[in-house]
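Overview (structure and organization)
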Amino acid sequence: MARKHFFFGLLAAIGITGLLGFAFYEDALSKIIRQLDKWANERPIEKVYLHLDKPYYAAGDDIWFKGYVTSGGQNKLTIISGVLNVDLIDWHGSIKQSVKLPLKDGVAAGDFALPDTLYQGGYRIRAYTNYMRNAGSEYFFDKAISIINNISSITKSSDKLTIQKGSDANTSTGKADVQFFPESGNLVAGIATKVAFKAVGINGSGIDVKGAINDNTGKQVAQFSSTHLGMGIFDMTPVYGNTYTAKITNADGSINIVPLPKVLNNGYVLSITDVDAQNLQVKISASKNLLNQGADVILVAQSEGKAYYSEKIKPGSITIPKSKFPAGIVQFTLFSAGGEPLNERLVFVQHPERLKLTLLADRQTYSVRQKVKINVDANSNGKPAIGNFSVSVIDETKLPFNDADENNIMANLLLTADLKGYVEQPAYYFNNINDKTRVDLDVLMLTQGYRRFEWKEILNDRLAPNVYQRESSLQVLGTVTNLSGKPVANGKVKLIDLDNIDYTLDTITDARGRFAFTNMTFEDSVRFVVQARTDKNKKDVVIQLDSIAPANTAGKINVNYEVSVDDDLSVYAQSSKELYQAQMRYGVGNHVIPLREVIIREKKQALKYSSNLNGPGNADQILLARDLQNMACFRITDCLQGRLLGVVFRNGIPFSTRSYNRPMQVIIDGAYVEPSFLNNVNYNDVQAIEVLRNAGSVGIYGGRGGNGVIIVTTKRGDENEYTGPITGRGIKVLYPKGYLKARTFYSPQYDKSGENKQLADLRTTIFWKPDVLTGNNGKTSFEYFNAGTKGNYRVVIEGIDSDGNIGRQVLRYKIE
């Protein structure tokens, strides 16, 4: 009888254990999906793409662009953010221009007017929303552009530089930096494994290499050779206890030895093969001891935070239809039965073009100055598509360019925006899709890592809170406290526009003394006064305005390259110079008019607080507060560039044209400061700037003044023309960054009288239109005139439809 009770008890225990084990597996999978959903809901992904009007520029040009901001896995235009930030950054990481743009339905258009004094070199254009800063600057839109300058006196022959572009990067010589990436992360003994590699030269570009893999006995187990931009792949079956090294032959014939990762005795390998246009073959291999244990594993495939495949399975092979996944990067992760992440593999899923854009010209050939009409037809999954697009037309004869070097909306939103590392020539994988580009793209996936999150942080709820909030509009935020620092509740706060006194807003502070003026729209260079009082109308309060530090200018793109006017750029340099000369003749464009060097003396002003040792106003040139009042510059040196005669600014540092080698001495309110300190001064706080360049005026400063002197006198508040900061209890002056004042691309109309045809003939951006919209029938059109020279024209349309489908089309035609 006792045996019987024991037998039934044992069966019950086994059954409970099995149920608990089953529940354990299910709980692990459920937890993974639940935590992933939580991350995606709390931290939706935003991406930015900028469509630029042309591939490179010259000083004096306008950079025209349109921003597309998407969110979520379906790439629909965002409803999260309402403000887009766009920066132009030089090779030193210095922001040369910065604008804010209002996002309407996820899109915005703007431009940068490049002064003709801009240094020649490599620059970056980056774009981001405030919310995107939580993910890090690696996920901003970041594009390298070259800007040439063969017209400004600040570009000397000694500044000649060289740029390596496109396939030229593969001809780099020297020792390569080579890294090896076993598929899904590990080399496991006895399991045949694909190993990808990536070789880069000293300039960061891919470099061709070849070599062999040898074990510790000297036996060769594999050979390899790069197939695209220094990347390639080979197969090997590692043996436990052996070590492996790669003997690499560089392009210049030199040899270097690189060790491969250590071989593990226990583990899994997750291998994925693109077997055909419809399916992925997924193979999970395990070491012998793990196979003998018979343990289950969990496979999860996610994109943009949404799991499209999740299953508890045994090691082996399965086929998964690609139709389960959206186009773009899919992260496959292998977990243990307990939910511990083991292996990772990125796969790029390509689908047939879902948004088909058709550009149809109204004729086959055109002549110079002829009117062109292009019809647009947008079709998504066989139906007319409502979409938002932008169009650029350039003269490729004047702007020769390798399409593979160009970024485009497909490459950016589907590929580079999700990768932390730099991707060379991303458009190559999308311009002409074929078997080779698919293989090369898969190798790229093996050499990259998806790092928008770490699984352990998600599963353990250890994600850091978002620091940067969603910015739906411009706003002014702050706190009101009393003199001892205690919050002032129910305080009255007023916002006044100094330039439009009728524009006034009122609000009340909350219990923490916080106040907010939201949903604001104002252009850049506005001047506000914030005034606060207690609920009893007393003004003994302190106003603290919120401020957000600018985003770090570091990026994943290296623009510390040198640019010379040769090859393709020489063609554009000649065209831009001809346009510059014509613009100077007609008095238009972003140009500084050079004058012969003369001594200019304004009528002496009674500069009460000037520290000029020659006496206030005894200078070669004077700028007063009224001269700076409406300049709307990001930095004071941007205001002064071209306006101080005989002075040029290089990266914010002033140089006299009489002494290019050493900077001028800067003196602020009598204090001798480093020349670079000048940009720390707010131009609204300046009363006068005095320039000393001649021997008679700089002599009194001795050796310090040998290269010229710039004397800055700031406002004190008692000048007759004082328009600067207002001070006092309960008052704060604010100069917020507002929206860029929108400009419109001028498209010449040759059929109208008064058109300057000679000037219009020389343009290289023939046409730019950022607001091309298709209606319910999926159709629209646009018109423009060809320029006055024969050549090959390229029309590019890019954009997104209402369902988040991305489209791009290129049309080329010839002017005879």
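Fair warning: this is a prediction, and the values are worked out from it, not measured in the lab.

On to the overall build of the protein chain. A count of helices and strands for the protein chain gives 11 helices and 47 strands. Nonlocal contacts in the protein chain, meaning residues at least 24 apart in sequence, comprise 70% of its contacts between residues at least 6 apart. When the accessible area of the protein chain is evaluated, it comes to approximately 37,500 Å², of which 50% is carbon and sulfur surface.

We now examine the nonpolar core. Within the largest apolar cluster, 56 residues are counted, with the highest numbers of intra-cluster contacts made by Leu50, Val86 and Leu415. If one sorts the elements of this core by residue count, helix α5 (residues 435-447) sits on top with five residues. Leaving out residues up to four positions away in the same chain, Leu50 has contacts with Phe65, Lys66, Gly67, Leu84, Val86, Ile125, Ala127 and Phe141.

Quick look at the packing of aromatic side chains now. Summed over all chains, the structure comprises 28 aromatic pairs. Taken together, a centroid distance of 5.9 Å and an interplanar angle of 85° make the contact between Tyr49 and Phe141 edge-to-face. Of this pair, Tyr49 sits in strand β1 (residues 46-52) while Phe141 is found in strand β9 (residues 141-148), placing the two residues 92 residues apart along the sequence. Here Tyr49 and Phe141 have matching classes, each one buried.

Glancing now at the pattern of salt bridges. The full count for this structure, using the stated rule, is 30 salt bridges. Residue Arg345 pairs with Asp442 through a salt bridge whose shortest N-O separation is 3.1 Å. Here Arg345 is found in strand β25 (residues 341-349), whereas its partner Asp442 is found in helix α5, with 97 residues between them in sequence. Across the salt bridge formed by Arg812 and Asp403, the nearest N and O atoms sit 3.2 Å from each other.

For the rest of this paragraph, the subject is the pairing of strand β5 (residues 83-89). Note on strand geometry: in a regular strand, side chains alternate between the two faces of the sheet. By the criterion of burial, β5 is predominantly enclosed, with seven of the seven residues buried. Alternating positions in β5 separate into two faces, Val83, Asn85, Asp87 and Ile89 on one and Leu84, Val86 and Leu88 on the other, with burial throughout. Hairpin connection, β5 to strand β6 (residues 95-102): the antiparallel pair is bridged by five residues, and Gly93 has positive phi, about 85°. In this structure, β5 lies alongside strand β8 (residues 121-128), joined through five bridges in antiparallel fashion. Paired with Leu88 across the bridge in β8 is Ile125.

With that settled, consider a nonpolar patch on the surface. A surface patch of nonpolar side chains, about 280 Å² in accessible area, is lined by Leu613, Tyr672 and Ile700. Residue Tyr672 is classed as partly exposed on the basis of its relative accessible area of 36%.

Attention now moves to the side chain of Asp418. If you trace the backbone, Asp418 turns up in the loop between α3 (409-414) and α4 (428-431). The exposure class of Asp418 is buried, given its relative accessible area of 3%. Within the structure, Asp418 has its side chain in polar contact with the side chain of Lys47 (distance 2.9 Å).

If you walk across this open sheet you meet the four strands as β32-β31-β34-β43, and the pairing is antiparallel. Each of the sheet's edge strands pairs with one partner strand only, and the pair in question is β32 (500-508) and β43 (731-734). Taken pair by pair, the neighbouring strands of this sheet meet at an average axis angle of 20°, ignoring direction. Note: strand β31 (residues 492-497) against strand β34 (residues 528-533), six bridges, orientation antiparallel. Directly across from Leu495, in β34, lies its bridge partner Val530.

Below, the discussion takes up the side chain of Thr637. Here Thr637 lies in helix α9 (residues 636-640). Among all residues touching Thr637, those that are not within four sequence positions of it are Phe649, Gly652, Leu678 and Asn679.

The next point concerns the sheet that holds strand β19 (residues 268-274). With antiparallel pairing, three strands are arranged side by side in an open sheet as β19-β20-β23. Looking at strand neighbours, the two that pair on one side only are β19 and β23 (316-321), the edges of this open sheet. Across the sheet, the axes of successive neighbouring strands diverge by a mean angle of 20°, strand direction being ignored. Relative to β23, strand β20 (residues 279-286) is paired through six bridges, and the arrangement is antiparallel. Across the sheet, Asn279 pairs through a bridge with Pro321, a residue of β23.

One non-glycine residue, Asp105, lies in the positive phi region at around 55°. Positionally, Asp105 belongs in the loop between β6 and β7 (107-113). We classify Asp105 as exposed; its relative accessible area is 60%. Despite not being glycine, Asn519 shows a phi value in the positive range, around 55°. Its place among the elements puts Asn519 in strand β33 (residues 514-520). Of the residues examined, Asn519 reaches a relative accessible area of 62% and is grouped as exposed.

Attention now moves to the environment of Arg43. Locating Arg43 in the fold gives a position in the loop between α1 (2-42) and β1. Distance in space between the C-alpha atoms of Arg43 and Gly305 is 9.0 Å, their sequence separation being 262 residues. When sequence neighbours within four positions are dropped, the list of residues in contact with Arg43 reads Tyr131, Leu463, Ala464, Pro465 and Asn466. One polar contact links Arg43 to Asn466, side chain to side chain, over a distance of 3.1 Å.

Okay, the environment of Pro736 next. The topology assignment puts Pro736 in the loop between β43 and α11 (757-760). Overall, Pro736 belongs to the buried group, its relative accessible area being 14%. Note: C-alpha distance between Pro736 and Asp524 (212 residues apart in sequence) is 7.4 Å. If near-sequence neighbours (up to four positions away) are discounted, Pro736 is found in contact with Phe522, Asp524, Ser525, Val526 and Phe528.

Along the chain, Lys577 turns up in helix α7 (residues 567-586). Remark: the alpha-carbon pair of Lys577 and Asn150, spanning 427 residues in sequence, is separated by 7.3 Å. Ignoring sequence-local partners within four residues, the contact set of Lys577 consists of Asn150 and Ile151.

This part takes up α5. Taking 1.5 Å per residue, 13 residues should reach 18 Å; α5 reaches 19 Å between its end C-alpha atoms and fits that length. Inspection of α5 places Thr437, Asp440, Leu441, Val443, Leu444, Met445, Leu446 and Thr447 among the buried residues, and these make up the whole buried set. Of the surrounding secondary structure, the elements contacted by the buried residues of α5 are β10 (177-182), β12 (193-200), β15 (231-236), β24 (328-336), β25 and α4. Its side-chain oxygen placed 3.0 Å from the backbone nitrogen of Lys436, Asn434 serves as the N-cap of α5.

What counts and what doesn't
- Residues numbered from 1 in each chain as written.
- Predicted model: local features only at pLDDT ≥ 70, side-chain atom pairs only at ≥ 80, totals over all residues.
- Heavy atoms only, no water.
- Helix = DSSP H or I, 4+ residues; strand = E, 2+ residues; numbered from the N terminus.
- Contact = heavy atoms within 4.5 Å.
- Areas by Shrake-Rupley, 256 points an atom, 1.4 Å probe, with all protein chains shown as cover.
- Core = buried A, V, L, I, M, F, W, Y, C linked by side-chain atoms within 4.5 Å.
- Buried < 20%, exposed > 50% of the residue type's maximum accessible area, 1.4 Å probe, protein only.
- Phe/Tyr/Trp six-rings, centres within 6.5 Å; stacked < 30°, edge-to-face > 60°.
- Salt bridge = Lys/Arg side-chain N within 4 Å of Asp/Glu carboxyl O.
- Pairing = 2+ DSSP bridges.
- Patch = residues over 30% accessible without salt bridge, like charges linked within 9 Å, V, L, I, M, F, W, Y side chains within 5 Å.
- Polar contact = N/O pair within 3.5 Å; in protein donor to acceptor, adjacent residues only side chain to side chain.
- Axes fitted to C-alpha atoms, helices over the stretch in contact; angles between N-to-C directions.
- Expected span 1.5 Å × (residues − 1).

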